[in-house]
Amino acid sequence: MPQTQIIGTGHAVPDRVVTNADLAAVMDTSDEWIRQRTGIGRRHWVVEGESGTQLSLLAARRAMDAAGVEPSEIDAIVYATSSPDHFAPGNGVFVQRELGVGPIPAIDLRTQCSGFVYALSMADAYIRAGMWRTVLVIGAEVQSTGMDVSSRGRNTAVIFADGAGAVVVRASDDTDGSAILAWDLHSDGNFAEMLWVDAPGSIYHPRNQAEHHDNKSFLEMDGKEVFRHATSKMPESVRAVLKEAGKTPEEISLLIPHQANLRISELVQRSLGLRDDQVYNNIERFGNTTAATIPIALDECVRAGRLERGDLLAITAFGSGFMWGSALIRW
Ligand code: COA
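Residues numbered from 1 in each chain as written. Predicted model: local features only at pLDDT ≥ 70, side-chain atom pairs only at ≥ 80, totals over all residues. Heavy atoms only, no water.

Chemist: For this particular structure, what's the right way to read the site of the ligand?
Modeler: Taken together, the neighbourhood of the ligand is formed by 22 residues, with Thr29, Arg37, Arg154, Lys224 and Asn261 sitting nearest. Between the ligand and Arg154, the relevant distance is 2.7 Å, taken from an oxygen atom to a side-chain nitrogen or oxygen of the residue. The contact in question runs from an oxygen atom of the ligand to an N or O atom on the side chain of Lys224, over 2.5 Å. Across the complex, the protein chains shield 71% of the 950 Å² of accessible surface that the ligand would expose by itself. Listed by contribution, the elements that provide at least two residues to the shell around the ligand are α2 (31-38), α6 (154-157) and α7 (223-245). If you tally residues by element for the shell around the ligand, the top one is α7, at four residues. A per-class count over the shell around the ligand returns 12 nonpolar, six polar and four charged. Taken domain by domain, the makeup of the shell around the ligand includes at least three residues from each of domain 1 (3-172) and domain 2 (179-330). (Near = heavy atom within 4 Å. Polar contact = N/O pair within 3.5 Å; in protein donor to acceptor, adjacent residues only side chain to side chain. Areas by Shrake-Rupley, 256 points an atom, 1.4 Å probe, with all protein chains shown as cover. Helix = DSSP H or I, 4+ residues; strand = E, 2+ residues; numbered from the N terminus. Nonpolar A, V, L, I, M, F, W, Y, C, P; charged D, E, K, R; others polar. Domains from an automatic or database assignment.)

In structure tokens:
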């Protein structure tokens, strides 16, 4: 059975930087509160006319350049986002059109903060099944346009941000080389309304209602419940992939946790007994970009030379759904 190797990474964020002070100017919050509770110092938000598809194209081209892969070699696109440019179709086809990759399948996944983990698992499964050889996997979001940028929305507006990350994965017959070693994926719909965007939705007649604009269309979050579950499910899930691969936490070269909140990442690290040099966090500069956090962080690590062939990389995510999961990768 072929193995799946990550052969190129890329990311892109909007040029516009929004600092904590910028937010404190429009809502009742402070740099101190945001840093202390979330670890975030600044984030990137789009300006009008800038889209998730555009950011994804930049990230995808950088990943393809790094991989040395031509558009004609891509067999499929798996695109994870919870904030597509349009209700339908998903962003995948817009990326497919712009990249000039031919009429290949372009599949959108809506698995929110766990989006990249799920998208990578799907690419891996198709590759192992022998259906695809080279796949572009994207995690991207434009969350800022769905935020209530007033004091009412301060518990989410200070956290979420925009950006895109991409990887190119390819089938390999080298059983001792780079490979995805183990998966752990879960969801629990009992908590679906703990972190959600209610509208627009087809449950409403008509789907799009002006009166929803000011109440149901913003991201709503029960921060305490999310915190409680994220800090237990992510370590549990990392332990599951380690167990499946017969590895221990000490053997992890690098853990990239979904950048939900620095306090969550710190508790995940502590729960797994990992040293600081085993965990990568960049939420201070990017905020929580939902499906994009892991591929953005991964690209930074790769370009900074933090991963060497043979290293053990763990990725783990938790978010809306609730959905969560992890992968263990031999780099
Ligand atoms: N600035 C200032 N004060 C704020 C604020 C902000 N941005 N957001 C909320 N507050 C206030 C609340 O209104 C509340 O005020 P009150 O005591 O007068 O009612 C107070 O701070 C505490 O609110 P609470 O929601 O209890 O805070 P918390 O300690 O739970 O921290 C989060 C809030 C959001 C930082 C925290 O719950 C969290 O990090 N949860 C996980 C969120 C997350 O990671 N989401 C992404 C998942 S993928």
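Chemist: How should the side chain of Ser326 be read in this particular structure?
Modeler: For Ser326, the location among the structural elements is in strand β13 (residues 323-330). Residue classification places Ser326 among the buried positions, given a relative accessible area of 0%. One polar contact links Ser326 to Ser237, side chain to side chain, over a distance of 2.6 Å. Those residues in contact with Ser326 that lie beyond four places of it in its chain are Val117, Ala182, Trp183, Asp184, Met234, Ser237, Val238, Val241, Ile315 and Thr316. (Buried < 20%, exposed > 50% of the residue type's maximum accessible area, 1.4 Å probe, protein only. Contact = heavy atoms within 4.5 Å.)

Chemist: Sorry, what's going on with the sheet that holds β13 here?
Modeler: In any sheet, the strands associate via hydrogen bonds between backbone groups, in a parallel or an antiparallel arrangement. Taking strand neighbours across the sheet as the criterion, the four strands line up as β8-β13-β12-β11 in an open arrangement whose pairing is mixed. Edge positions in the sheet fall to β8 (179-187) and β11 (254-257), since each of these pairs with one other strand and no more. The sheet shows a mean angle of 10 degrees between the axes of neighbouring strands, direction not considered. Bridge count between β11 and strand β12 (residues 312-319): four bridges; the pairing is parallel. From the neighbouring strand, Pro257 faces β12, where its bridge partner is Thr316. (Pairing = 2+ DSSP bridges. Axes fitted to C-alpha atoms, helices over the stretch in contact; angles between N-to-C directions.)

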